Amino acid sequence: MDLQALVCEVHAELDAASERGRVADYIPELGKVPGAKFGIAIATMDGRCVTAGDADDAFSIQSVSKVFALALALGKIGDGLWKRVGREPSGSAFNSIIQLEHEKGIPRNPFINAGAIVVADVILAGHRPREAIGEILRFVRVAANDETVSIDPAVARSEQEHGFRNAALANYMKAFGNIHNPVELTLGVYFHQCAIEMSCVQLAQAGLFLANSGRDPRTGISVVSKERARRINALMLTCGHYDGSGDFAFKVGLPGKSGVGGGILAVVPGKASIAVWSPGLNAQGNSQLGTRALELIAQRMGWSVFGA
Ligand code: GLU
């Protein structure tokens, strides 16, 4: 089936849905985003990008940024990162503190908030927060091959003012010696990274290197090594949707990372990178329509890492 026709079909089918989940409002700035927004973009190896709906609207990528931050941190300290962060699915909510106590301040994986805060701490080492934030943003711009990607300062501020749970997680890990910089500086980097805004088109393009063994197929630039791309994909598959990761793997069958802004990045190795956005979330904090859209696209295209 023609990819453009398929994307339009899936968008039209789901856009009629009245039950779209709940827009996150624990970061007040995110609560202002209209729940009716819905965009899909699929970037393919040949440089094409097919879209439907609000695919050009910028939204807060939130935890999808954890994928790029992880790639950057691994580039800095390599496998040493795994002494400070695990690689197992958490089975808990994105901001759970309970597991941290049992596991002595070592977060389960780099995609739950605690793990991503450690990753931000690694990127901050030896830098000022502004430099670290600039480095993350530059990495995303290179991956997207788009210099216009930016950070929404209002979202960063909103999260800084209401990020009590993240502050608790960071302080708790600091008590175990797993945060090396001053907690408020590490959190500042993390909040700004989450406040990166991108459209579905930009996000789909930024994910292409993960579908192409670490190399941007358009520019030929090697963003990460082949092995690293494979491992990041593995972590996205097992840990990318918090305590909904198993269900996402079951229904969609592709590596994916969601954010509370309602965006999801999914990778089809060797074929494509997909970004979907609909702000209403399901009970696990993942985009309700976005997940369903990925399920239909994967099903109808026969895309799955588990076999055609
Ligand atoms: N910035 C959000 C938080 O830390 C990220 C969570 C998410 O996107 O899942 O609460």
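Just above sits the structure.
Residues numbered from 1 in each chain as written. Predicted model: local features only at pLDDT ≥ 70, side-chain atom pairs only at ≥ 80, totals over all residues. Heavy atoms only, no water.

Turning our attention to the site of the ligand. In the region of the ligand, 12 residues are neighbours, and Y26, Q62, S63, E159 and Y242 sit closest. Taking Y26, its side chain carries an N or O atom lying 2.5 Å from an oxygen atom of the ligand. Between an oxygen atom of the ligand and a side-chain N or O atom of Y242, the distance comes to 2.5 Å. Calculation on the ligand without its partners gives an accessible area of 300 Å², and the protein chains cover 99% of this total. A breakdown of the residues in the shell around the ligand according to their chemical character gives 6 nonpolar, 5 polar and 1 charged. (Near = heavy atom within 4 Å. Polar contact = N/O pair within 3.5 Å; in protein donor to acceptor, adjacent residues only side chain to side chain. Areas by Shrake-Rupley, 256 points an atom, 1.4 Å probe, with all protein chains shown as cover. Nonpolar A, V, L, I, M, F, W, Y, C, P; charged D, E, K, R; others polar.)

This part takes up the side chain of E295. Along the polypeptide, E295 turns up in helix 13 (residues 288–301). A relative accessible area of 14% places E295 in the buried class. Not counting the four nearest positions on each side in its chain, E295 is found in contact with K251 and V252. (Helix = DSSP H or I, 4+ residues; strand = E, 2+ residues; numbered from the N terminus. Buried < 20%, exposed > 50% of the residue type's maximum accessible area, 1.4 Å probe, protein only. Contact = heavy atoms within 4.5 Å.)

Summed over all chains, the structure comprises 14 salt bridges. A salt bridge links R231 to D79; the shortest N-O distance between them is 3.9 Å. Note that R231 is positioned in helix 11 (residues 226–239) and D79 in the loop between helix 2 (65–77) and helix 3 (98–102), a separation of 152 residues in sequence. The class of R231 is exposed, set by a relative accessible area of 53%. It is possible to trace a salt-bridge network through shared partners that takes in E9, E13 and R300. (Salt bridge = Lys/Arg side-chain N within 4 Å of Asp/Glu carboxyl O.)

Buried within helix 6 (residues 153–162) are the following residues: V155, A156, S158 and E159. Down the axis of helix 6, the buried side of the element spans an arc of 165°, and every buried residue falls inside it. Buried residues belonging to helix 6 abut strand 4 (59–60), helix 7 (164–175) and helix 8 (183–194). N-cap assignment for helix 6: the residue whose side-chain oxygen lies 2.9 Å from the backbone N of A154 is D152. (Arc of directions from axis to C-beta.)

The strand order across the open sheet formed by 3 strands is 4-6-5, and the pairing between neighbours is antiparallel. Looking at strand neighbours, the two that pair on one side only are strand 4 and strand 5 (150–151), the edges of this open sheet. Here strand 5 runs beside strand 6 (residues 196–198); their pairing, made up of 2 bridges, is antiparallel. Bridge pairing links S150 to E197 in strand 6. Sheet contacts for helix 5 (residues 129–144): strand 5 and strand 6; angle to strand 6, the most-contacted strand, approximately 15°. (Pairing = 2+ DSSP bridges. Axes fitted to C-alpha atoms, helices over the stretch in contact; angles between N-to-C directions.)

Glancing now at the packing of helix 2 against helix 8. Running from N to C, helix 2 and helix 8 cross one another at 125°; their axes reach a closest spacing of 9 Å. As judged from the angle between their axes, helix 2 and helix 8 are oblique. Both helix 2 and helix 8 take part in a crossing whose hand is right-handed. Of the residues in helix 8, those in contact with S65, K66 and A69 of helix 2 are Y190, Q193 and C194. Partitioning the contact of helix 2 with helix 8 into residue classes produces 3 nonpolar, 2 polar and 1 charged. (Parallel < 35°, antiparallel > 145°, perpendicular 65-115°, else oblique. Left-handed = near helix turned anticlockwise from the far one by under 90°.)

Backbone phi values are negative for most residues with the exception of glycine, while trans is the configuration of most peptide bonds. If you check the backbone angles, N145 has positive phi at about 55° while not being a glycine. Among the secondary structure elements, N145 is positioned in the loop between helix 5 and strand 5.

Counted at 1.5 Å a residue, the expected span for helix 11 with its 14 residues is 20 Å, and the 20 Å between its end C-alpha atoms agrees. Turning to helix 11, its buried residues number three or more, namely A229, I232, N233, L235, M236, L237 and C239. Structurally, helix 11 contributes buried residues whose contacts are with helix 2, helix 10 (208–211), helix 12 (245–251), strand 7 (256–258) and strand 8 (263–268). (Expected span 1.5 Å × (residues − 1).)

The next point concerns the state of the cysteines. Evaluation of the coordinates by the stated rule reveals 0 disulfides. Free cysteine: C49, not disulfide-bonded; nearest cysteine sulfur from C200 at 9.1 Å. Judged by relative accessible area, C49 falls into the partly exposed class, the value being 26%. Free of any disulfide, C239 has its nearest cysteine sulfur in C194, 17 Å distant. (Disulfide = S-S within 2.5 Å.)

So yeah, pure geometry; function would need other evidence.
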